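Each chain is listed here by its residues.
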Amino acid sequence: QVQLVESGGGLVQPGRSLRLSCAASGSIVSIYRMTWYRQAPGKQRELVAAFTSGGNTNYADSVKGRFTISRDNAKNTLYLQMNSLKAEDTAVYYCNADLTTLEHSGVGAYWGQGTQVAVAS
């Protein structure tokens, strides 16, 4: 069984920073793509930042230059450093990983439970 657990969310003022973490655990064999998504109230879930299997990174235009995705492969942990936060960054942030497990050799998509980020004065 695989678990993705996000942490680091909270309430911050505009212009401040937060660092989100996503720890993957369980019977993981290989992790390929790891991605941060977010979903604001009344909106669809959107991609924020991603690590591709080739090690490249992608960012939503709205966060380029402010957010940085990083990954500790030894710890199976994904991070999202969020600087210069804005009110429009308020959302639940979800971690997603495409990975294989001891039980299933095919690549499966797994999601965390989400962590709330609120940016307000």
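Above this text is the structure in question.
Calculation criteria
- Residues numbered from 1 in each chain as written.
- Predicted model: local features only at pLDDT ≥ 70, side-chain atom pairs only at ≥ 80, totals over all residues.
- Heavy atoms only, no water.
- Helix = DSSP H or I, 4+ residues; strand = E, 2+ residues; numbered from the N terminus.
- Rg over C-alpha atoms; globule rule 2.2 N^0.38 Å.
- Disulfide = S-S within 2.5 Å.
- Buried < 20%, exposed > 50% of the residue type's maximum accessible area, 1.4 Å probe, protein only.
- Pairing = 2+ DSSP bridges.
- Axes fitted to C-alpha atoms, helices over the stretch in contact; angles between N-to-C directions.
- Contact = heavy atoms within 4.5 Å.
- Phe/Tyr/Trp six-rings, centres within 6.5 Å; stacked < 30°, edge-to-face > 60°.

**Student:** Could you give an account of the overall build of the protein chain, with specific residues and numbers?
**Tutor:** Scanning the protein chain for helices and strands turns up zero helices and 11 strands. Written out in order from the N terminus, the α and β elements of the protein chain read β-β-β-β-β-β-β-β-β-β-β. For 121 residues, the compact-globule estimate of 2.2 N^0.38 gives 14 Å, and the protein chain sits close to it at 14 Å. Counting only C-alpha atoms and orienting by the principal axes, one finds that the protein chain spans roughly 45 × 25 × 25 Å.

**Student:** An account of the state of the cysteines is requested, with residue identities and associated values reported.
**Tutor:** For the structure on display, the rule yields one disulfide. What pairs with C22 in a disulfide is C95, and their sulfur atoms sit 2.1 Å apart. Judged by the torsion about the S-S bond (-75 degrees), the C22/C95 disulfide is left-handed. Here C22 is found in strand β3 (residues 18-26), whereas its partner C95 is found in strand β9 (residues 91-101), with 73 residues between them in sequence. Pair check on accessibility: C22 and C95 agree, each one buried.

**Student:** Any details on the sheet that holds strand β8 (residues 77-82)? Residues and values, ideally.
**Tutor:** Pairing is antiparallel in the open sheet, where four strands are placed in the order β1-β3-β8-β7. The open sheet terminates on both sides in strands that have one partner only, identified here as β1 (2-7) and β7 (67-72). Geometrically, the sheet is characterised by an average inter-axis angle of 15 degrees between neighbouring strands, direction not taken into account. In this structure, β3 lies alongside β8, joined through six bridges in antiparallel fashion. Paired with L20 across the strands is L80, a residue of β8.

**Student:** Mind laying out unusual backbone geometry, listing which residues take part and the relevant values?
**Tutor:** One non-glycine residue with positive phi stands out, namely N76, at about 50 degrees. Its identity is not glycine, yet S84 carries a phi of approximately 50 degrees, on the positive side. With respect to the secondary-structure elements, S84 resides in the loop between β8 and β9.

**Student:** Describe the side chain of S21, and please don't skip the residues or the numbers.
**Tutor:** Mapped onto the fold, S21 is located in strand β3. Beyond its immediate stretch of four places on either side in the chain, S21 contacts V5, E6, S7, W36, T77, L78 and Y79.

**Student:** Could you give an account of the packing of aromatic side chains, naming the residues involved and the relevant values?
**Tutor:** Under the defined criterion, the tally for this structure stands at one aromatic pair. On the numbers, 5.0 Å between centres and 50 degrees between planes, the contact of Y37 with W111 is tilted. Placement of the pair is Y37 in strand β4 (residues 28-39) and W111 in strand β10 (residues 108-111), with a sequence separation of 74 residues. Take W111: its relative accessible area is 38%, and that puts it in the partly exposed class.

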